[in-house]
Amino acid sequence: MSVELKHMQYRKFDLDEYRQVMENLIGSGPETKVFWEALDFSCRAHGSQWRRSGDPYIIHPCNVARILAEELDVLNAEILAAALLHDTVEDVEDVTVDLIRRKFGSNVEAIVEGCTKVTHYSGDKQNFKKLVHRKIFTGAASKPEVMIVKLADRLHNLRTLSSMPRDKRQRVADETLDIYAPLATMLGLFGLKREMYSLALAYKFPRQGTKLQLHINALRQDRGVLEIVDRVQAALKEDRIKGKVTLRTKGLWGYYDVKNRILIKEIESPQEILIVAGDRNSCYQALGTLNRIFPPLPRTIRDFIANPKPSGYQGLHARANIEGQKYLFKIRTEEMARRAQRGLVRNWNVDSKKRGAFVRGVQEIFDILGSDESVSYRDMIAASGRKEIYTYTPHGDLICLPVNSIVLDFAFSVHTAIGHSCVAAMIGRRRAAPDQVLSDGDVVKIIRQDKPVRFDPDIQKLCQTARARSELAKAFRVRRQAVSREIGRSVLQQEMRRYGLPFDVILQEGMNNILVYFDIESLEDLYLQVGEGRVRLRELIYEIRNGLYADHDTLQLPTGIFNRIELATVDPAVVKSSACCKPTPLDKGIFGLLSNRGLSLHRRDCFRLQKIKFQREDAVDVRWKLRETRVVKPQKVIIFAASRQRLFLLLSVAPEEMKISDIVALTDRPATGPAWEITFTVTNLFALRKIFKHLDRSGLSYEFDLEQ
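## Examining the overall build of the chain
Piece 1. Of the regular secondary structure elements, the chain holds 27 helices and 23 strands.
Piece 2. Residues counted as buried form 50% of the 708 residues belonging to the chain.
Piece 3. If you take every contact in the chain between residues at least 6 apart in sequence, the share linking residues at least 24 apart comes to 66%.

This is how it looks when you write it as structure tokens:
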């Protein structure tokens, strides 16, 4: 390998200098052998490739590895080797994941495979992007190193983005703001987060960003704040406390309104004052000195030394109002300051078993992000990057949560099992529901029940933490899949009967070959995929008929007849009434479209249904087992044009199953008579049908939507 890789017109890459830099960072012992071999391999693989900037392509993977080692203290040779190789499978024709495994081992191969984009995709660009992201998340679920390499990859791309066309810069900036910068926040990599946000915002909002940057530069020279820094430094010296005081002016990242996706002109605390003390005790002494000269705002002192954040962040925070301007003071040691930027990778160079609950929690979140399409991964990631409130357990343990978090966020942050069994909470002496929004400083005691709570899907939208959202998504998915398996078994049985195939033929040994053909592990998995509409029934029946029943006569292909299923649930995580025609289980002629997001219900005469293209096998005729289907929520019916006397007479002879809890007059118009909202409870669908038969006989018009 030559000392320099050159392009005849453009730049050169000094490989010897790079080797020296990396040797100073990771050494050259036998434990680093895989890195140096990967460097030689990557140089050969990318030798003839060039970046748009005019740089040899090898500069990019080399810099990704350097960012990991130099800026994140990731010194593990296999991770750094994977960083060098992360683009080889995607960009070099002769390099495959098998070759990477043979040369560098299964660990390096797993990281490289996780970083490699999806290939051979023929769908639209938007779905392709989703597929790419979910593949990365799936890889990061088993190997969090995948996401660390991808973040370093994105940071280097941002640093060299100026050579790209304007539309490409915009796309990369948008994706960074939506996905990668919030992910860096979620993983506790705050140095990466700040730079990624600032670079992406400069490309996303070039004019506004330039104006804001001039304002930020002016703030850095503000004599008023520099005098505050000098005053704190002098006070520490006066109290004989060793410490260095510096000013940090927030960059563009501090002015980004994530919710509204805009840059704002002014923020509450544009400047932070950092105090780096010699040791832990000196941090607390420095806080005493600070409080003496600048009394803190009430309830703003945060002790993250005694109670570190989940990411491992440590430090003391205090806020003070000085001449009408709010300032945040952060006090920590040099080691705490260094570790504060490392988050997920703090312990990356030690055994994975010691990495702790934070990494395991991150893996759980990536598992949901990669596998559950019903979850908006953009919303989940964004929720993790919001400003925090500080809440406490009754024992005084600190729980940091995003602003607007609810009781359920708190419960899941304490423990997964506590979240799943949370029915309420005590906030001080006040009882609160699981969806109660928490305030800064709340002391929260969770009230639990013995078995898991069947939460309503709507509560997931209120949750602000990725963990709560992911755990709820997992629970909803389990509920959906249980019903989908039953649907799939029933549909397959009916379809086989239509063709004259006995159902028990699928128990024969040859069925294993059919499962392998469809890449399905078991019959239970087959039922699930049929119930979610992911297996083409016609193709499946063809394989069963020709593979297991070839010597017998069968019936012809059925047409126009839908399979029928009977449900015993109105769980909104499982069955969803479409907004276009709002069917209820009491209606006749209800169709269900199969999907992995649940059963989508439509009336037979729904105008929207007529426009949806689907196969006969993708839809089912839906009926309910009325006596077995429980109705858990209170129901509301609005009755129109009934006088008070007639209404109460009607309700007095209603079926005894109708337990009325509230009656509210909605209008009082003598010409038409008032409308009434009746709130009641009922045990099951059979009793509900009796109630509406009673209302139908009255001749009064009414409006009813089932509360699922």
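Still more ground to cover, so stick around.
## Some points on the packing of helix α13 (residues 223-238) against helix α14 (residues 280-293)
Piece 1. Contact geometry for α13 and α14: axes closest at 10 Å, N-to-C directions at 120°. Considering their axes alone, α13 and α14 lie oblique with respect to each other. The crossing of α13 and α14 is right-handed. Judged by residue contacts, Arg-231, Val-232, Ala-235, Leu-236 and Glu-238 of α13 engage Ala-286, Thr-289, Leu-290, Arg-292 and Ile-293 from α14.
Piece 2. Broken down by class, the residue content of the contact of α13 with α14 amounts to 6 nonpolar, 1 polar and 3 charged.

## Observations regarding the packing of helix α1 (residues 15-26) against helix α3 (residues 59-72)
Piece 1. Where α1 meets α3, the axes come as close as 10 Å, and the angle between the chain directions of the two elements is 25°. Compared by their axis directions, α1 and α3 come out roughly parallel. The handedness of the crossing between α1 and α3 comes out as left-handed. On α3, the residues that touch Tyr-18, Val-21, Met-22 and Leu-25 of α1 are Cys-62, Ala-65, Arg-66, Ala-69 and Glu-70.

## Focus on a negative patch on the surface
Piece 1. Taken together, Asp-222, Glu-227, Asp-230 and Glu-323 make up a surface patch of like negative charges.
Piece 2. Structurally, Glu-323 is set in the loop between β8 (316-322) and β9 (325-333).

## Some points on the sheet that holds strand β19 (residues 619-624)
Piece 1. Reading across the sheet, the 5 strands line up as β15-β19-β17-β18-β16 and stay open at both edges, with mixed pairing between neighbours. Of all the strands in the sheet, the pair left with one neighbour each is β15 (563-567) and β16 (575-577). Between one strand axis and the next, the sheet turns by 40° as a mean value, whatever way the strands run.
Piece 2. As paired strands, strand β17 (residues 590-593) and strand β18 (residues 599-603) are joined by 4 bridges and run antiparallel to one another. Within β18, the position partnered with Phe-591 by the bridge is His-602.
Piece 3. Contacts from helix α21 (residues 466-498) reach β15, β18 and β19, with the element oriented near 150° to β15.

## Examining the nonpolar core
Piece 1. Ranked by size, the top nonpolar core spans 87 residues in total, and within it Phe-35, Leu-68, Leu-151 and Phe-366 carry the most contacts.
Piece 2. In this structure, Val-535, Ile-541, Val-637 and Val-682 belong to the second largest nonpolar core, which totals 60 residues.

## Concerning the pairing of strand β6 (residues 271-277)
Piece 1. The buried count for β6 comes to 6 of 7 residues, which makes it a mostly enclosed element.
Piece 2. With 7 bridges connecting them, strand β3 (residues 243-249) and β6 associate as antiparallel partners. In the strand pairing of β6, Lys-244 is matched with Val-276.
Piece 3. Here 6 bridges tie β6 to β9, and the two strands are oriented parallel to one another.

## Observations regarding a positive patch on the surface
Piece 1. Residues Lys-588, Arg-627, Arg-689, Lys-693 and Arg-697 make up a contiguous surface patch of positive charge.
Piece 2. Inspection of the secondary structure assignment puts Arg-689 in helix α27 (residues 685-698).
Piece 3. For Arg-689, a relative accessible area of 33% corresponds to the partly exposed category.

Definitions and cut-offs
- Residues numbered from 1 in each chain as written.
- Predicted model: local features only at pLDDT ≥ 70, side-chain atom pairs only at ≥ 80, totals over all residues.
- Heavy atoms only, no water.
- Helix = DSSP H or I, 4+ residues; strand = E, 2+ residues; numbered from the N terminus.
- Buried < 20%, exposed > 50% of the residue type's maximum accessible area, 1.4 Å probe, protein only.
- Contact = heavy atoms within 4.5 Å.
- Axes fitted to C-alpha atoms, helices over the stretch in contact; angles between N-to-C directions.
- Parallel < 35°, antiparallel > 145°, perpendicular 65-115°, else oblique.
- Left-handed = near helix turned anticlockwise from the far one by under 90°.
- Nonpolar A, V, L, I, M, F, W, Y, C, P; charged D, E, K, R; others polar.
- Patch = residues over 30% accessible without salt bridge, like charges linked within 9 Å, V, L, I, M, F, W, Y side chains within 5 Å.
- Areas by Shrake-Rupley, 256 points an atom, 1.4 Å probe, with all protein chains shown as cover.
- Salt bridge = Lys/Arg side-chain N within 4 Å of Asp/Glu carboxyl O.
- Lys, Arg positive; Asp, Glu negative; His and termini not counted.
- Charge placed at Lys NZ, Arg CZ, Asp CG, Glu CD.
- Pairing = 2+ DSSP bridges.
- Core = buried A, V, L, I, M, F, W, Y, C linked by side-chain atoms within 4.5 Å.

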